[in-house]
Amino acid sequence: MFTPLRRWLLVLAAILLPAPALAEDGHDLWLRYRPLAAEGAAALPAAVERRGDTPTLRAAEAELIRAFAAMAGETQGRGARVVLAAAADPQVAALGLPLGDLGTEGYLIRQVRLGDAPATLVTGNSDIGVLHGAFALLRHLGSGGALAGVDLASAPRIGLRVLNHWDNLDGSVERGYSGESIWDWWTLPEYTGPRYTDYARANAALGINGTVLNNVNAKADSLTAPYIAKAAALAEVFRPYGIKVYLSARFSAPVELGGLDTADPLDPQVQAWWDAKAAEIYRAIPDFGGFLVKANSEGQPGPRDYDRSHADGANMLARAVAPHGGIVMWRAFVYADTDPDDRGKQAYTEFKPLDGQFADNVLVQVKNGAIDFQPREPFHPLFGAMPQTPLMLELQITKEYLGFNTHLAYLGTMWEEVLDADTMVRGAGSTVARVVDGSLEGHQLTGIAGVANIGADRNWSGSTFDQANWYAFGRLAWDHTLPAEAIAREWAALTFTPDPALTGPVVSMMMGSRQAVVDYMTPLGLAHLMGTGHHYGPAPWIADLARPEWNPAYYHKADRQGIGFDRTSTGSNAVAQYAAPLAARFADPATTPEADLLWFHHLPWDYRMQSGRPLWAELVHRYDRGIGNVAEMRRQWHALAPLVDAERHEQTAAFLAIQQRDAQWWRDASIAYWRSLNGLPMPGGAAAPPRDLDYYQSLSFPYAPGNTG
Ligand code: GCW
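Owing to the predicted nature of the structure, the values given are computational and were not obtained by experimental measurement.

*Asks:* Any chance you could explain the overall build of the chain here in plain terms?
*Replies:* Secondary structure summary: the chain contains 22 helices and 15 strands in total. Its C-alpha radius of gyration of 26 Å places the chain within 12% of the 27 Å reference for a compact globule of 709 residues. Summarising its shape, the C-alpha atoms of the chain cover approximately 80 × 80 × 55 Å along the three principal directions. Residues classed as buried in the chain amount to 60% of the 709 residues present. Taking the intrachain contacts of the chain between residues at least 6 apart in sequence as the baseline, contacts between residues at least 24 apart amount to 72%. Of the roughly 26,500 Å² of accessible surface on the chain, a fraction of 54% belongs to carbon and sulfur atoms.

The following block contains the structure:
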């Protein structure tokens, strides 16, 4: 094995070098619970007291005991006991605490005297509130907070905070870049190993309270008795953590499973089939959340097959789950190759007239932008346009269009941008966040969904930094007023160390990372220029796919004269779908934010930008800026080696190298293609692509992951 010399060197190294950080595989996520410094450890509570005996309170207690033991290390905590008790506990009730605004899921943590002895009380109006409080306390301590004087209270602003798994029954994950599905359908329902509990803990720690188990491109089989039993076994594991199970429903299931010759939503037999199916599911899963539906979109069946509206379809399912307290999340991601209109306009055209027609227990689930989870899109014009309908915001945590798991892109900033976007429908301040949290139109039923990036990889998300996107989704779903930067700092502290020498650079990397991707992939409002099918890497030249709106050329409309999609009145007039002040702003290139310029306008290559550069030079500048940012992230990460365990440091370093290579590829391939159209020389000082266009066009990736659709 080791030669004597090597052995001697190793011994010497062990003596001289500081102890290396323990190797970590990332499995612990934000529940790492590392030893605190002596002072903090000594201040940890000497005991945890649980007042009540429910599975949820027991889960909260177990989490605290596990965490405090790990945080204490060799030290014995001498702080006041922590008491876990819901508001109805007589001792808690006697304190008269301000719990009125906490709802059923919020928490309050405060130092009190309880039964005549000091205690750190973790309470809420329900056991779930207490559990959320326990996790909040651990987050507070893990990110450098002290127990002394702790005083925290928070309640979710949005009711349904749901992950959407695009997981298939064969174990593959559509747009998944972190291995196979975590649901092992084959060994369910008998085997529910620790991974499902860890999943529930990680989500409950963020306040996520729902999970749709199967892909929206659904198989009817998910609704058969064996699969209902499998879903029920998962629901059983998740229940103590306040997480409900939902299923994606295939609209044609009455035909495929029920033997009916129609799935027409107005047919009484079809309604009866769904009523019975819902009753069957609720017998197995009494707190089943309801259905998510992708209908008449990308080949999925739906009510339009029978000349019925989306409201007809949604309401039929809503009627089936209503007696059991269930809801329907009906997706607005709808466009058709038979519709020659701008794809970006179609969802609005289809859904806006249906406002007011949906049953009370239906939410319409709308993607953040009108096309499809691009690195940047203006907010979807449906937000604010359907005041009588609860609109659920759908975000994509998995990075289908942002470099999969090997590009570092923190999406907290993107989601903050969307949530803060002002629809102006009721004057200034009518933000997307206020549409979604129901405060703008007074809706009680509210929701937000994130397409999960979770898979069977040890680190769950395919990379350390992709865990931050799951984290940010959960934190924003709970409280959309949290700044993306604060969330990044919190995550970095929990994931690595609260030491500002680490969190400073990591947060700075994260905060600029999404814009870097925008810059090197699709700057200035360009969109959907990715490789066909798998969506990895550049392919702006593709123009021959059967459906026009699947071609990148459809989106950039570049030619010898100019580039960009004219969505003003001289083009598709999509601008008219926004409230008047915004429509006016977007109608004029001079008042359109440059970040969205080519989304709304087709402009000549020599259009003068705010920088004074012609559009062509600005475009090249943006590509180079993006690459520069990635290079800078690499430098920052390299310098952090002493503060990060080797395993996670090396993987991130390798992924950043991939990202830099890809960023260069995006730039070179894109520029080679634009030049083949515009015939322009490289702007002064910029390097020409090293290869000719044929080379970039020849690259193909038939086995790129996630392309299961
Ligand atoms: O972004 C596109 C994806 C499809 C996905 C679809 C959708 C689940 O490329 O893979 O299908 O959106 O959101 O329905």
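*Asks:* Could you clarify how one ought to interpret helix α7 (residues 225–238) in this entry?
*Replies:* For an α-helix, the turn length of 3.6 residues means that residues three or four places apart are oriented alike. Its 14 residues give α7 an end-to-end C-alpha distance of 20 Å, which sits within 8% of 20 Å, the value for a rise of 1.5 Å per residue. Those residues of α7 that fall on the buried side of the exposure criterion are I228, K230, A231, A232, A233, L234, A235, V237 and F238.

*Asks:* What exactly am I supposed to notice about the site of the ligand here?
*Replies:* If you check the shell around the ligand, you find 15 residues, and the closest are E174, K294, K367, D372 and E400. R175 is positioned such that a nitrogen or oxygen atom in its side chain is 2.9 Å from an oxygen atom of the ligand. At 2.5 Å, a side-chain N or O of E400 approaches an oxygen atom of the ligand. Burial of the ligand by the surrounding chains reaches 97%, relative to a free accessible area of 330 Å². Tallied by class, the residues present in the shell around the ligand amount to 4 nonpolar, 3 polar and 8 charged.

*Asks:* I would appreciate a short explanation of the packing of aromatic side chains in the present structure.
*Replies:* Aromatic ring pairs are defined here through the distance separating the ring centres and the angle between the ring planes. Summed over the entire model, instances satisfying the criterion amount to 37 aromatic pairs. Aromatic side chains Y536 and W665 sit 6.2 Å apart centroid to centroid with 40° between the ring planes, which places their arrangement in the tilted category. Of this pair, Y536 sits in the loop between α16 (500–521) and α17 (552–556) while W665 sits in helix α21 (residues 646–678), placing them 129 residues apart in sequence. According to the relative accessible area criterion, Y536 is buried, its value standing at 15%. Taking the centre distance of 5.2 Å and the plane angle of 75° together, the rings of Y695 and Y696 count as edge-to-face.

*Asks:* Just checking my understanding: could you explain the side chain of D668 for this structure?
*Replies:* Residue placement: D668 occurs in helix α21. D668 gets classed as buried once you look at its relative accessible area, which sits at 5%. Ignoring sequence-local partners within four residues, the contact set of D668 consists of P689, P690 and Y696.

*Asks:* Got a minute to help me understand the sheet that holds strand β1 (residues 48–50) in this structure?
*Replies:* Consider a sheet: its strands pair through backbone hydrogen bonds, and that pairing is either parallel or antiparallel. Ordered by their spatial adjacency, 5 strands build an open sheet running β1-β2-β4-β3-β5, and the pairing between neighbours is mixed. The sheet is open, and its two edges are formed by β1 and β5 (151–154), each paired on a single side. Adjacent strand axes in the sheet meet at a mean angle of 30° when their direction is disregarded. Bridge count for strand β3 (residues 107–114) against β5 is 4 bridges, and the pairing is antiparallel. Across the sheet, the residue bridging to I109 is L152, located in β5.

*Asks:* Before we go on, may I ask you to explain the pattern of salt bridges in this structure?
*Replies:* In a structure, side chains of opposite charge can pair up when their charged atoms sit close to one another. Using the criterion set out here, one finds 45 salt bridges in the structure. Where R489 meets E485, a salt bridge forms, and the shortest distance between an N and an O atom there is 3.1 Å. Here the residue R489 and the residue E485 both occupy positions in helix α15 (residues 484–495), the gap between them amounting to 4 residues, near one helical turn. Judged by relative accessible area, which is 35%, R489 ranks as partly exposed. The salt bridge involving R648 is made with D645; its shortest N-O contact spans 2.9 Å. The pair formed by R648 and D645 is uniform in burial state, with each residue classed as buried. Among the charged side chains, a network of salt bridges with common partners joins E24, R32, R34, D645 and R648.

*Asks:* Which parts of the structure should I look at to understand the environment of W273?
*Replies:* By secondary structure assignment, the location of W273 is in helix α9 (residues 268–284). For W273, a relative accessible area of 15% corresponds to the buried category. In sequence terms W273 and A253 are 20 residues apart; their C-alpha atoms lie 9.2 Å from each other. Not counting the four nearest positions on each side in its chain, W273 is found in contact with A253, P254, L257, G258 and L260.

*Asks:* It is not clear to me how the domain arrangement of the chain should be interpreted in this structure. Could you clarify?
*Replies:* Often, the extent of an interface is quoted as the loss of accessible area upon association of its parts. Structurally, the chain comprises domain 1 (4–154), domain 2 (160–482) and domain 3 (519–565 + 602–698). For domain 2 versus domain 3, the distance between C-alpha centres works out to 31 Å. With 25 residues of domain 2 in contact, the opposing surface of domain 3 contributes 26 residues. When domain 2 packs against domain 3, the two sides together hide about 2,200 Å² of surface, and 57% of this comes from carbon and sulfur.

*Asks:* Explanation requested: the sheet that holds strand β9 (residues 290–293) in the structure shown.
*Replies:* With respect to topology, 8 strands assemble into a closed barrel ordered β6-β7-β8-β9-β10-β11-β12-β13, the strand pairing being parallel. In this sheet, neighbouring strand axes are inclined to one another by 25° on average, regardless of whether the strands run parallel or antiparallel. Examined bridge by bridge, strand β8 (residues 244–248) and β9 share 3 bridges and lie parallel to one another. Paired with S248 across the two strands is L292, which belongs to β9.

*Asks:* Can you walk me through the pairing of strand β2 (residues 81–84) in this structure?
*Replies:* Each regular strand displays side chains that alternate between the two surfaces of the sheet. In β2, alternate side chains face the same way, and those of R81 and V83 on one face and V82 and L84 on the other are all buried. As defined by bridge partners, β1 adjoins β2 across 3 bridges and the pair is classed as parallel. Residue pairing in the sheet places R50 in a bridge with L84 of β2. Running through helix α3 (residues 55–72), the crossover from β1 to the neighbouring parallel element β2 is left-handed. Direction of pairing for β2 relative to strand β4 (residues 117–123): parallel, over a ladder of 4 bridges. Residue pairing across strands places L84 opposite V122, the latter belonging to β4.

*Asks:* Where do I start with the packing of α16 against α21 in this structure?
*Replies:* Working note: a packed helix pair is described by the angle between its axes plus the distance between those axes. Two elements in contact, α16 and α21, have axes whose closest approach is 9 Å; the angle formed by their N-to-C orientations is 30°. Taken as axis vectors, α16 and α21 run roughly parallel relative to one another. Across the interface between the two elements, M509, V517, Y520 and M521 from α16 touch L656, Q659, A663, W666 and R667 from α21. Split into classes, the residues belonging to the contact of α16 with α21 amount to 7 nonpolar, 1 polar and 1 charged.

*Asks:* It is not clear to me how the nonpolar core should be interpreted in this structure. Could you clarify?
*Replies:* A general feature of soluble globular proteins is that nonpolar side chains tend to end up buried together. Counting residues in hydrophobic clusters, the biggest one holds 216 residues, and the most contacted among them are W30, F238, W274, W470 and W674. Element by element, the count of residues in this core is highest for α21, at 10 residues. Aside from chain neighbours lying at most four places away, what touches W30 is A202, A205, L206, Q467, W470, Y471, W491 and L494. In this structure, A87, L102, V112 and L121 belong to the second largest nonpolar core, which totals 12 residues.

*Asks:* What is the right way to look at the confidence of the model for the chain in this model?
*Replies:* Atom-level detail of predicted coordinates should not be read off regions where pLDDT is low. Mean pLDDT over the chain: 96, with 97% of residues reaching 70 or higher. Taken together, the stretch residues 9–21 has pLDDT below 50 and engages in 3 contacts with residues farther than four places along the chain or on a different chain.

*Asks:* Quick question: what am I supposed to make of unusual backbone geometry here?
*Replies:* Glycine aside, a negative phi is what most residues show, and trans is what most peptide bonds show. Looking along the chain, the bond that leaves L188 and enters P189 is cis, with omega of 5°. Along the polypeptide, P189 turns up in the loop between β6 (160–164) and α6 (194–204). Look at L29: it is not a glycine, yet its phi comes out positive at around 50°. Locating L29 in the fold gives a position in the loop between α1 (4–16) and α2 (38–42). Overall, L29 belongs to the buried group, its relative accessible area being 4%. You will see that N296, though not glycine, has its phi angle at about 50°, which is positive. Following the sequence through the fold, N296 ends up in the loop between β9 and α10 (310–321). N296 sits in the buried class, given a relative accessible area of 15%.

Cut-offs used in this document
Each chain has its residues counted from 1, running along the sequence as written. Only residues with pLDDT of 70 or above have their local features reported here, since the model is predicted, and side-chain atom pairs are shown and tallied only from 80 upward, although totals for entire chains, interfaces and linings are computed over all residues. Each side-chain value is worked out from all heavy atoms of the structure, with water and hydrogens disregarded. Helix and strand assignments follow DSSP, with helices taken as H or I runs no shorter than four residues and strands as E runs no shorter than two, numbered in order from the N terminus. Throughout, the radius of gyration refers to the C-alpha atoms, and the reference size of a globule is 2.2 Å times the residue count to the power 0.38. Throughout, exposure labels follow a simple rule: accessible area from a 1.4 Å probe, protein chains only, divided by the maximum for the residue type, with under 20% read as buried, over 50% as exposed, and the rest as partly exposed. Contact between two residues is taken to exist if any of their heavy atoms lie within 4.5 Å; hydrogens are not considered. Per-residue and other accessible areas follow the Shrake-Rupley method at a 1.4 Å probe size, with only the shown protein chains counted as cover for residues. A helix is expected to span 1.5 Å for every residue after the first. By convention in these notes, a residue is near a molecule or strand provided one of its non-hydrogen atoms lies within 4 Å of it. Identification of polar contacts relies on pairs of N or O atoms within 3.5 Å, with a donor-acceptor requirement for protein atoms, meaning one able to donate a hydrogen and the other able to accept it, and with residues adjacent in sequence counted only if both atoms are side-chain atoms. Lys, Arg, Asp and Glu make up the charged group, whereas Ala, Val, Leu, Ile, Met, Phe, Trp, Tyr, Cys and Pro make up the nonpolar group; the residues left over, Gly among them, are polar. Under the pairing criterion, centres of Phe, Tyr and Trp rings, with the six-membered ring standing for Trp, must be within 6.5 Å; the plane angle then separates stacked pairs below 30 degrees from edge-to-face pairs above 60, leaving the rest tilted. Between any two strands, pairing holds if DSSP finds at least two bridges. Only the stretch in contact is used when fitting a helix axis, every axis being a line fitted to C-alpha atoms; angles between N-to-C directions are given from 0 to 180 degrees. Salt bridges, as used here, are contacts in which a Lys or Arg side-chain nitrogen is within 4 Å of a carboxyl oxygen on Asp or Glu. Segmentation of the chain into domains, including their bounds, is taken from an automatic or database domain assignment. A 1.4 Å probe defines the accessible area here, and the buried area is the portion of it lost by two parts on being joined, summed over both. Crossovers are described as right-handed under a simple rule: with the strands pointing away from the observer, the path leading from the first strand over the helix to the second runs clockwise. Here the angle decides the label: under 35 degrees means roughly parallel, over 145 means roughly antiparallel, 65 to 115 means roughly perpendicular, and every other value means oblique. By nonpolar core is meant a set of buried Ala, Val, Leu, Ile, Met, Phe, Trp, Tyr and Cys residues that side-chain atoms within 4.5 Å join together. The predictor attaches a confidence to each residue, called pLDDT, with possible values from 0 through 100.

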